[in-house]
Amino acid sequence: MSISHYIKEIGRGTKGARSLTRAQACDLMGQILDGQVSDLELGGFCIAMRFKGESTEELAGFLDATQQRLPAWPQAATAQPVVVIPSYNGSRKLANLTPLLAGLLTKKGLPVLVHGCDTDDKRLGTDEVWQQLGWTRVERPTALEAGDKVWMQTRHLLAPLARLLQIRRQMGLRNPAHSIVKLLDPIHGPDTTRSGLVLASYTHPAYALPMAETLALRSTSALLVRGTEGEAVAAPHREPASMGVIAGEICFERSAIHSSQLILGEEKNPPEQDLNAQQTAQLTEEMLSGQRPVPAPIAQQVDQIVALHHAMQNNNAAGRASLHAFNRSPD
C-alpha cells in the first residue's frame, strides 16, 4: 500500500494543501502504525503535516487509528474512571511537577495512569523523577484501583506510536504523533465503552480550539489546559486557562489568572527552577507530606479534576451543573 495520494493532498503548500477527511486520516495513520509505508513517504508526511497543521477531522482520524490499535485495558474491581496524564515534554526551566499532580490525585483516591517518553534530551522527563520517587512502573495494561498511580512508557502502550514520536530526534520537527499522545485515552479500548479522564494540554493558544473540537468529535472526557512547558500540570505561579469536558460536552471554561490574584496579601515564593531528578523528587515528597505548601494553581487544578471525575461517575444533569461553579470569564 502507499500513502502518496494522501501526501499529494496535504503537501501542496500553505495555499494549495487540502485537509483529509476523518476516514482518510484514519486510513493514513493506520498504514503508518502498521509499518506499511516507506521511510521516504513517512518523512514526506511528517514535513507536509508540519507545514499544514492538523485539522480537527484529521486529528480525530489519527486518534481513531491509534485507539483501534491499543491493547484492551482491564477494569478494576471497583470500577471508576482512570485519570490519564500524558507526559512527553518534561521541564526545561521550572520544576517538573507532573509527578506531584499524580500524587495529589491519588491522595484524593483517584486512580492515575501517566504515560510518556522522552523526546528532548535537554529536558528533565517525568520518568526520571518517577524512578527517584520509587513509584510503580508497568509494561502492560494493569487494573488500577482507587489511589493507584503508575507510569507506562509509550513503547509498552503502542510501540509504533513511540517510534513515530522519536522521528523528531532525526528530523528536528514535531509531527502529528505529538498531538495524538496528548489526547489519547488508553482506558477507552476498542472493546469497551469505558473511558478515562484525560489531562490534555496545549502550548500555543492556536491549538486550544482544534483540540477542544477533537475532544467533542471523539466524545472524550478531559480537562484541557494550557500546559507548563508542554506538561499538563499547572504552573506554580499561574493558574492556566482550562476547559472541563465530559463525553465531548464542555461543562466549564475558566480563564487564566496569575497566582498573586488568587489569595491577596499572601507572600509568593518564586517558582522552583533548574532542579535535577533527585531534587524534584524531594520537592514532590515535601509537598505531598505537607512540609511545603502545594502551589495554589495546582491545588485548583486538583479540585477541577476531582469534580470532573465525580461528575463522570454521576453522569446526570445535576452532576454536570455542579461544574458550572468553575466557570470564570476574562476580566
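Quick caveat: nothing in here was measured; it's all calculated off a predicted structure.

Rules used in this analysis
- Residues numbered from 1 in each chain as written.
- Predicted model: local features only at pLDDT ≥ 70, side-chain atom pairs only at ≥ 80, totals over all residues.
- Heavy atoms only, no water.
- Salt bridge = Lys/Arg side-chain N within 4 Å of Asp/Glu carboxyl O.
- Buried < 20%, exposed > 50% of the residue type's maximum accessible area, 1.4 Å probe, protein only.
- Helix = DSSP H or I, 4+ residues; strand = E, 2+ residues; numbered from the N terminus.
- Domains from an automatic or database assignment.
- Contact = heavy atoms within 4.5 Å.
- Polar contact = N/O pair within 3.5 Å; in protein donor to acceptor, adjacent residues only side chain to side chain.
- Nonpolar A, V, L, I, M, F, W, Y, C, P; charged D, E, K, R; others polar.
- Pairing = 2+ DSSP bridges.
- Right-handed = clockwise from strand over helix to strand, strands pointing away.
- 1 Å grid on protein atoms, 1.4 Å probe; cavity = no way out; pocket = protein on both sides within 12 Å on 5 of 7 lines; lining within 4 Å.
- Points joined across faces, edges and corners; volume = space filled by probe spheres on them.

Chemist: Help me out: how do you make sense of the pattern of salt bridges in this one?
Modeler: For side chains bearing opposite charge, pairing can occur when the charged atoms are close. For the structure on display, the rule yields ten salt bridges. Between Arg18 and Glu9 there is a salt bridge, with the nearest N and O atoms lying 2.8 Å from each other. Classification of Glu9 as partly exposed rests on a relative accessible area of 21%. Salt-bridge contacts for Asp127 lead to Arg137; the nearest nitrogen and oxygen are separated by 3.0 Å. Here the residue Asp127 occupies a position in helix 7 (residues 126–133), and Arg137 occupies one in strand 3 (residues 137–138), the gap between them amounting to ten residues. Here Asp127 falls in the buried class, since its relative accessible area comes to 7%.

Chemist: Where do I start with the domain arrangement of the protein in this structure?
Modeler: Taken domain by domain, the protein holds domain 1 (3–68) and domain 2 (82–257 + 272–326). Taking the mean C-alpha position of each, domain 1 and domain 2 sit 26 Å from one another. Listed as interface residues are 22 residues of domain 1 and, on the opposing side, 24 residues of domain 2. Linking domain 1 to domain 2 there are two salt bridges. Where Asp64 meets Arg218, a salt bridge forms, and the shortest distance between an N and an O atom there is 2.9 Å. Our count for the contact surface shared by domain 1 and domain 2 stands at five residue pairs in polar contact (both at pLDDT 80 or more). Those elements that place two or more of their residues in the side of domain 1 that touches domain 2 are helix 3 (22–33), helix 4 (39–52) and helix 5 (56–68). By residue number, the principal contributor to the side of domain 1 that touches domain 2 is helix 5, which donates ten residues. The residue inventory of the side of domain 1 that touches domain 2, partitioned by class, reads twelve nonpolar, five polar and five charged.

Chemist: What's the story with the pairing of strand 2 (residues 112–116) in this structure? I'm lost.
Modeler: A regular strand places its side chains so that they alternate between the two faces of the sheet. With respect to burial, strand 2 is a largely interior element, five of its five residues being buried. Burial along strand 2 is two-sided: the residues Val112, Val114 and Gly116 and Leu113 and His115 are all buried. Both strand 1 (residues 83–87) and strand 2 contribute to a ladder of five bridges, which runs parallel. Along strand 2, the bridge assignment pairs Ile85 with Val114. The handedness of the strand 1 to strand 2 crossover, carried by helix 6 (residues 98–107), is right-handed. The pairing of strand 2 with strand 4 (residues 149–153) spans five bridges and is parallel. Bridge pairing in strand 4 links Gly116 to Gln153.

Chemist: What's the story with the pairing of strand 9 (residues 249–254) in this structure? I'm lost.
Modeler: Of the pairings in the sheet, the one linking strand 8 (residues 242–246) to strand 9 comprises five bridges and is antiparallel in character. Note on strand 9: the bridge partner recorded for Gly244 is Phe252. In this antiparallel pair of consecutive strands, strand 8 and strand 9, the connection spans two residues, and Ala247 shows a positive phi of 50 degrees.

Chemist: I keep staring at empty space enclosed by the protein and nothing clicks. Help me out?
Modeler: A water-sized probe rolled over the atoms picks out the places where empty space is left. The tally for this structure, following the rule as stated, stands at two cavities of 30 Å³ or more. Here the largest cavity defines a volume of roughly 80 Å³. Asn89, Gly90, Cys117, Asp118 and Gly125 are, among the 15 residues lining the largest cavity, the residues nearest its centre. Considered class by class, the residues forming the lining of the largest cavity number four nonpolar, six polar and five charged. If you add up the space inside the second largest cavity, you get close to 40 Å³. In terms of lining residues, the second largest cavity is bounded by Gly90, Ser91, Ala95, Asn96, Leu97, Thr228, Glu229, Glu231 and Val233. Its residues assigned to classes, the lining of the second largest cavity shows three nonpolar, four polar and two charged.

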